[in-house]
Amino acid sequence: MSDGFSAVGGAPVRTLSGVQILGTGSYVPDNVVTNADLSSLGCDPEWIVQRTGIRERRHLPMGLATSDMAVAAAERCLEAAKIDRAEVDLLIVGTMTPDRLLPAVATKVQTRLGLNCGAVDLNAACAGFTYALTTAMQFIATGCSKRALVIGVDANSRMVDPTDLKTYPLFGDGAGAVLLSAGSPEQGALAYTIGADGSGMELLHRPGGGAETPFSLTTTEPNSWYLKMDGRPVFKWAVRLVEDTTRQVLDAAGLSTEQIDCWLFHQANVRILDAAIEALGIERERVVMHMDRYGNTSAASIPIALDETVRAGGIRRGDHLIMSGFGAGLAWGTIAWRW
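Residues numbered from 1 in each chain as written. Predicted model: local features only at pLDDT ≥ 70, side-chain atom pairs only at ≥ 80, totals over all residues. Heavy atoms only, no water.

## Looking at a nonpolar patch on the surface
Together, Leu-101, Leu-102 and Phe-215 give the surface a local cluster of nonpolar side chains, amounting to about 410 Å² of exposed area. Within the fold, Phe-215 resides in the loop between β10 (204-205) and β11 (228-229). (Patch = residues over 30% accessible without salt bridge, like charges linked within 9 Å, V, L, I, M, F, W, Y side chains within 5 Å. Areas by Shrake-Rupley, 256 points an atom, 1.4 Å probe, with all protein chains shown as cover. Salt bridge = Lys/Arg side-chain N within 4 Å of Asp/Glu carboxyl O. Helix = DSSP H or I, 4+ residues; strand = E, 2+ residues; numbered from the N terminus.)

## Some thoughts on the packing of aromatic side chains
Scanning the entire structure with this criterion turns up three aromatic pairs. Residue placement shows Arg-271 over the ring face of Phe-235; its charged tip is 4.7 Å from the ring centre. (Phe/Tyr/Trp six-rings, centres within 6.5 Å; stacked < 30°, edge-to-face > 60°. Lys NZ or Arg CZ within 6 Å of the ring centre and 35° of its normal.)

## What to know about the side chain of Thr-97
Within the fold, Thr-97 resides in the loop between β5 (90-94) and α3 (105-113). For Thr-97, a relative accessible area of 7% corresponds to the buried category. There is a polar contact of 2.8 Å between the side chain of Thr-97 and the backbone nitrogen of Ala-155. Every residue in contact with Thr-97, bar those within four places of it in the chain, is listed here: Thr-66, Val-153, Asp-154, Ala-155, Asn-156 and Met-159. (Buried < 20%, exposed > 50% of the residue type's maximum accessible area, 1.4 Å probe, protein only. Polar contact = N/O pair within 3.5 Å; in protein donor to acceptor, adjacent residues only side chain to side chain. Contact = heavy atoms within 4.5 Å.)

## Here we look at the sheet that holds strand β14 (residues 331-338)
If you walk across this open sheet you meet the five strands as β1-β9-β14-β13-β12, and the pairing is mixed. The sheet terminates laterally at β1 (14-17) and β12 (262-265), the two strands that pair on one side only. Averaged over all neighbouring strand pairs, the angle between strand axes comes to 15°, with direction disregarded. Here β1 pairs with strand β9 (residues 188-196) via three bridges, running antiparallel. Looking across to β9, one finds that Leu-16 is bridged to Ala-189. (Pairing = 2+ DSSP bridges. Axes fitted to C-alpha atoms, helices over the stretch in contact; angles between N-to-C directions.)

What is shown is where atoms sit, not what they do.
Below is the structure:
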């Protein structure tokens, strides 16, 4: 990919109001892995902080899986929403690390939660939550769902190569959930855009394990199922992407940066967020950051940030939010939301 790669690619901007978030929940494993813990792998703790902003991350212990984190986050979300879970009639799980390739982890989560509803996975990598959220919104807006549970969850520590110093320190594990229902006409997505450009798929991918390159006992690349990333072009793309799509949805929603009460960007790298803050001229205090504690939790990063902010009293009825997820695909989703 050249440096002239188009970040936005002409993805349309839409509006979908009349949807509200009834409750939020999140979960991260108890197992804290600090930068110092990675020193034995040859990682310089201070280098990690300077280049990424990450000081520690959470790793899921063996014996637990993606579904365990998803269930924990969903339980907290349903408790916060104070509704009977029998009312939940749709479950969408945004993840790129399901427990198994088949069936969808959403079906396992559905059973453990005791839900009676459709359940499906959606894989848009680090944009998984924004894709899952906008998909569930359609069901709510059309009346095809009354209570939709959306979960963003990834067990990234299971797919990164511990010998790859460029990727292993970046990622952590976690889950976040929201419950959607119909809301007032003023609530919901004042503007949103989702898009993808597959010309950049080789920049961030897992080459092994699919139909193209199946798992094999005789494979010549035994570590092909690990994530591969060409960091420099991905970084440049993400910086442009965040600024471009944010300006798109702000313009479409008729909002200025000063009217945004809370910025919820995907927590990939502090330098990406610093570049967005500078380019957009926004107040750093309104940008939620937790990558220093959790690392890059992929599809979970935005809903974790949302839940922690809600529980801290940082979001109130009528507030304006920007949510922006971006990652492998290359895929993205940016939403201007009124609470």
